[in-house]
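Examining the three-dimensional arrangement
Letter by letter, the chains look like this.
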Protein chains: 4
Amino acid sequence: MAERARVLIDCNDERGLVYRISKVFYDYELNIDSNREFVDKEAHKFFMRSVVTGEFDEKALQRDLKAAVPPEANVRVITPSRKKIVILATKESHALGDILIRHADGELEADIEAVIANREVLRDLVERFDIPFVYIPADGLEREEHEAKVLAELEKYAFDYMVLAKYMRILTPSFVSHYPGRIINIHHSFLPAFVGANPYKQAYERGVKIIGATAHFVTDDLDEGPIIAQDVIPVNHRFDWKDMQRAGRDVEKIVLSRALNLVLNDRVFIHGNKTIVF
Amino acid sequence: MAERARVLIDCNDERGLVYRISKVFYDYELNIDSNREFVDKEAHKFFMRSVVTGEFDEKALQRDLKAAVPPEANVRVITPSRKKIVILATKESHALGDILIRHADGELEADIEAVIANREVLRDLVERFDIPFVYIPADGLEREEHEAKVLAELEKYAFDYMVLAKYMRILTPSFVSHYPGRIINIHHSFLPAFVGANPYKQAYERGVKIIGATAHFVTDDLDEGPIIAQDVIPVNHRFDWKDMQRAGRDVEKIVLSRALNLVLNDRVFIHGNKTIVF
Amino acid sequence: MAERARVLIDCNDERGLVYRISKVFYDYELNIDSNREFVDKEAHKFFMRSVVTGEFDEKALQRDLKAAVPPEANVRVITPSRKKIVILATKESHALGDILIRHADGELEADIEAVIANREVLRDLVERFDIPFVYIPADGLEREEHEAKVLAELEKYAFDYMVLAKYMRILTPSFVSHYPGRIINIHHSFLPAFVGANPYKQAYERGVKIIGATAHFVTDDLDEGPIIAQDVIPVNHRFDWKDMQRAGRDVEKIVLSRALNLVLNDRVFIHGNKTIVF
Amino acid sequence: MAERARVLIDCNDERGLVYRISKVFYDYELNIDSNREFVDKEAHKFFMRSVVTGEFDEKALQRDLKAAVPPEANVRVITPSRKKIVILATKESHALGDILIRHADGELEADIEAVIANREVLRDLVERFDIPFVYIPADGLEREEHEAKVLAELEKYAFDYMVLAKYMRILTPSFVSHYPGRIINIHHSFLPAFVGANPYKQAYERGVKIIGATAHFVTDDLDEGPIIAQDVIPVNHRFDWKDMQRAGRDVEKIVLSRALNLVLNDRVFIHGNKTIVF
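Predicted model only: the values in this text are computed from it and were never measured. (Residues numbered from 1 in each chain as written. Chains lettered and ligands numbered in written order. Predicted model: local features only at pLDDT ≥ 70, side-chain atom pairs only at ≥ 80, totals over all residues. Heavy atoms only, no water.)

Here the focus is the overall build of chain A. When helices and strands are tallied, chain A shows eight helices and 13 strands. For chain A, whose C-alpha radius of gyration is 21 Å, the value lies close to the compact-globule estimate of 19 Å for 278 residues. With the C-alpha coordinates of chain A rotated into their principal frame, the extents come out at 60 × 40 × 35 Å. Out of the 278 residues belonging to chain A, those deemed buried represent 59%. Here chain A has roughly 11200 Å² of accessible surface; of this, 48% comes from carbon and sulfur atoms. (Helix = DSSP H or I, 4+ residues; strand = E, 2+ residues; numbered from the N terminus. Rg over C-alpha atoms; globule rule 2.2 N^0.38 Å. Buried < 20%, exposed > 50% of the residue type's maximum accessible area, 1.4 Å probe, protein only. Areas by Shrake-Rupley, 256 points an atom, 1.4 Å probe, with all protein chains shown as cover.)

Okay, the relation of the copies chain B and chain C next. Superposition record for chain B on chain C: RMSD 0.0 Å, screw rotation 180°, translation along axis 0.0 Å. Within this description, the copies of the chain are treated as partners about a two-fold rotation axis. For chain B, the minimum C-alpha distance to the rotation axis belongs to Arg128 of chain B and amounts to 2.6 Å. Of the residues that chain B buries at the interface, 100% are likewise interface residues in chain C, meaning the two copies contact each other through the same surface. (Least-squares fit on C-alpha atoms with pLDDT ≥ 70 in both. Contact = heavy atoms within 4.5 Å.)

A few words on the domain arrangement of chain A. Many analyses report the size of an interface as the accessible area lost when the parts associate. All names here are of chain A. For chain A, the domain assignment lists domain 1 (2–78) and domain 2 (84–277). The C-alpha centroid of domain 2 is placed 32 Å from the C-alpha centroid of domain 1. Listed by partner, the interface residues are 13 residues for domain 1 and nine residues for domain 2. Of the roughly 960 Å² buried at the junction of domain 1 and domain 2 (both faces included), carbon and sulfur atoms supply 53%. Three residues, Arg6, Phe47 and Arg49, lead the burial of domain 1 against domain 2; their summed loss comes to 52% of the area buried on that side. Taken together, domain 1 and domain 2 are joined by two salt bridges. In this structure, Arg6 and Asp266 form a salt bridge, with 2.8 Å as the shortest nitrogen-oxygen distance. In this assembly, domain 1 and domain 2 are joined by seven residue pairs in polar contact (both at pLDDT 80 or more). Of all the elements in the fold, those that place two or more residues in the side of domain 1 that touches domain 2 are strand 1 (2–12), strand 2 (31–40), strand 3 (45–56) and strand 4 (74–78). Its residues assigned to classes, the side of domain 1 that touches domain 2 shows seven nonpolar, no polar and six charged. (Domains from an automatic or database assignment. Buried area = accessible area lost by both parts, 1.4 Å probe. Salt bridge = Lys/Arg side-chain N within 4 Å of Asp/Glu carboxyl O. Polar contact = N/O pair within 3.5 Å; in protein donor to acceptor, adjacent residues only side chain to side chain. Nonpolar A, V, L, I, M, F, W, Y, C, P; charged D, E, K, R; others polar.)

Here we come to the interface of chain A and chain C. In this complex, chain A contributes 33 residues to the contact, which on the side of chain C involves 33 residues. Here chain A packs against chain C, burying approximately 2800 Å² in sum over the two surfaces, 54% of which is carbon and sulfur. Between chain A and chain C we count two salt bridges in total. In this structure, the connection of chain A to chain C is made through 14 residue pairs in polar contact (both at pLDDT 80 or more). By residue number, the principal contributor to the side of chain A that touches chain C is strand 11 (residues 227–234) of chain A, which donates six residues. Of the residues that constitute the side of chain A that touches chain C, the class distribution is 16 nonpolar, seven polar and 10 charged.

Right under this line is the structure:
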């Protein structure tokens with residue numbers, strides 16, 4: 001018997017959904033601690049996240065909720081349990097380090113199963129926290145060969161989400177397709193946007209006054225998946241491009257941690273190429 | 001027959017509220033466009049704001065919702081209609097001016113019935129927008145005498161909210177008691193807080209690095225009513241106290257407009273000395 | 001005899017510049033109230049802004065400063081006098097309105113000579129403030145024909161800066177070349193950037209979480225001139241594209257007013273395609 | 001011979017200071033990479049920070065600069081060398097952890113000599129980074145007795161700054177007087193301010209919409225020393241007081257790291273109870 005659950009439902013919108021769902025809660029004698037719904041009127045989609053307490057059989061609740069909503073609905077009854085994550089990294093430590101500290105602090109609602117990196121440089125930092133560090137070099141390998149090794153390693157872990165903490169390699173659609181909606185990435189972003197090599201240098205040359213970071217789910221379309229969180233940090237003419245990079249790292253780590261926290265709290269729905277964040 | 005309404009309900013929390021409320025919506029064949037609930041678990045209070053569409057008799061809906069919830073519940077079925085506001089001001093134009101421009105722009109979801117001021121200086125600005133300006137001088141009057149004149153003037157208008165756009169007079173509890181939960185004020189705020197005369201000078205002498213503004217409902221307790229919105233603006237050592245005041249004015253006008261917008265959209269519940277902002 | 005001046009100097013960097021410039025100030029018995037220098041080490045460029053007080057002949061000071069620095073240097077000795085601006089607009093009132101209110105309030109360090117618009121809709125707002133409104137319709141005209149009419153109108157005014165307050169027409173390089181470094185524009189900006197029609201709709205479809213605004217000098221390269229100021233405002237999934245546009249307008253008006261204030265205070269150097277903002 | 005220095009000078013303002021100082025730089029054939037001055041006109045104080053490069057004898061430069069300015073002037077010629085810090089902590093790891101990670105990353109411009117704590121709980125985290133952790137329990141000791149032990153420990157280290165990374169003990173004026181202008185503290189701050197036990201609970205009950213953090217130098221006057229940096233983070237009605245505390249921790253660590261960075265870069269002058277931050 002569970003005592004508390006996050007219930008997430010998304011489906012095509014139709015009249016009576018809240019009524020039918022709340023009727024199930026009522027029949028189970030559940031208390032609704034919080035509840036948020038959103039209807040995308042253009043797409044006719046319904047999203048709902050409830051936190052319920054009481055005493056209930058989790059599977060029965062899931063089944064009865066499923067029966068109350070349209071057949072194509074996603075119904076998730078998530079009872080408290082720490083989630084598990086794996087982290088992919090390369091050589092920069094700022095985003096990774098913030099997650100490690102939050103984890104050590106007990107603040108992260110997840111266990112870190114492993115950090116996998118294509119460079120060795122972060123081993124020391126990771127192992128200081130007694131977290132497995134797996135080095136899978138990419139040198140001399142085709143992208144697919146390297147990804148095959150990473151995939152083989154990933155199979156050893158049961159994880160909910162994969163966090164790309166400045167993993168500097170482009171993932172193939174094939175790799176991404178193994179973990180739909182489960183890979184979270186952080187990348188710098190600028191106004192205006194800069195493509196090509198060294199965007200910080202471009203941003204410096206353009207004289208931008210703010211530097212941003214975007215955390216998003218990874219899809220086939222590189223850096224173009226559903227955005228979870230964004231923020232910016234002010235810069236000025238006294239910043240050279242390395243200072244801009246340093247400022248960028250600060251906002252990257254803040255935004256990634258914020259996004260990860262939202263995802264681990266089951267507050268994020270993926271809706272096409274957008275997110276609903278409750 | 002109405003076609004669209006904002007439904008706001010707050011009452012003691014008990015099991016089944018969402019179910020019973022959504023059943024009423026269902027029986028009326030209403031669509032729920034958006035819906036947010038919040039339960040204050042400490043205070044055992046339930047808050048809900050729904051936007052519903054369909055075709056319905058507004059009074060009947062109100063009556064049936066009232067029947068579905070505990071007897072002490074506040075149930076408001078608000079159908080689209082422009083709200084009306086009156087503004088009290090003194091001599092500063094920044095907060096008032098922003099509201100006037102938004103009004104002229106059609107962006108404000110309210111009509112401005114009148115601006116009442118204890119100084120004459122803002123008459124020109126207000127009348128440029130063809131809005132009645134009423135000058136009620138306070139010189140030589142006891143506070144109660146002046147307030148009696150203001151109250152007499154206010155009785156001429158049917159208004160939903162009174163906005164204190166830098167009205168530099170302290171209101172008596174007796175005055176405030178005429179408009180519970182309907183007076184919105186903006187005032188500067190600082191970290192740390194400064195009491196007494198010229199807080200900007202104190203803030204300058206303290207060397208603060210940010211200056212804030214707080215929009216809140218007015219209660220008997222001066223500047224201590226439920227907070228609707230807050231924000232800050234960065235300052236530095238190059239700001240003298242007049243520069244700080246100028247920066248403060250910018251954040252004041254932004255925060256007041258934001259708060260007013262939330263209130264006019266019926267997004268704000270007063271809950272003791274706090275607000276729930278949906 | 002002047003009593004106060006802003007001195008702005010930019011030139012190729014070389015040793016002794018501060019010494020030679022401050023020697024001139026010293027010889028003139030001037031007090032330096034504030035002073036900022038910046039050296040772009042890559043470009044070998046020197047920038048300096050000083051505020052000096054004393055009693056001095058403005059022209060002589062200018063001449064002696066010029067003699068103290070490399071021949072190609074720009075030396076500006078700016079004594080207090082209200083600057084003059086003209087505003088170009090189309091139909092949106094938010095950016096224009098904020099400037100009008102600040103002007104009415106005495107807060108803007110400039111006189112508004114005229115508002116020129118290619119639509120008539122803002123006439124009422126502008127004339128409420130007793131500012132000349134000039135309607136120059138573009139319908140049926142070639143771009144060059146319309147610009148010729150605007151240029152002819154502009155010739156009537158002695159102005160320091162031209163502010164594009166949501167002027168929705170693209171200026172030709174020929175037009176821009178009349179006012180190098182004197183045209184200030186505000187435009188929305190997004191992370192990522194969106195090109196083409198209705199960027200707000202694109203931003204909505206992309207599910208961005210922040211919306212930005214960029215104020216910049218106008219150069220031949222549309223929307224790509226030196227950036228003066230930037231900021232962002234948070235949005236979320238509950239914003240439809242019109243809400244995003246509304247949020248965008250708020251940040252646009254704030255950023256344009258901030259940039260205009262910096263420019264009117266002679267705090268902004270143009271340096272290639274960047275700005276130095278002291 | 002040094003090749004690069006930060007030169008910091010503060011003294012009573014008088015005419016010719018910049019001239020005389022820059023003459024020294026000129027005579028030493030130094031390049032001025034950046035230069036900022038500020039004059040507090042009310043207090044008649046002059047502040048200047050220059051970064052100079054060239055080839056020079058550090059002591060001679062210091063001496064000649066001293067000769068060029070009023071006798072009471074503080075003249076600091078700081079040549080590149082990593083600064084040293086000690087950290088005092090109690091049990092919270094967020095502020096400490098961020099500094100440790102930045103240190104491990106090579107981003108902090110300082111070496112951490114030791115972490116001294118009145119609880120044992122942070123030992124594990126600190127020692128993971130191979131930094132000495134010194135546990136000095138306070139139980140059963142008078143405040144002065146405990147401080148005497150801490151002072152004795154501190155004497156073992158040559159450090160530039162002491163960072164209170166959520167050190168939950170009040171320092172006596174006597175302790176503070178050993179390290180004037182060298183102790184940096186971070187504390188939460190609120191609008192309005194709350195005194196007494198559990199400010200987060202008070203902030204929760206007051207329904208604040210933002211939570212702040214203030215980094216400042218420690219003086220006799222608890223939490224009232226010169227402010228170095230401040231920032232805020234938004235909260236809302238869904239935050240219980242523990243959520244507010246968590247949000248507060250995030251802004252605390254960001255603000256402390258920012259302030260520490262400014263101090264380590266010699267960008268901060270203490271000016272009475274204020275700071276000048278260049």
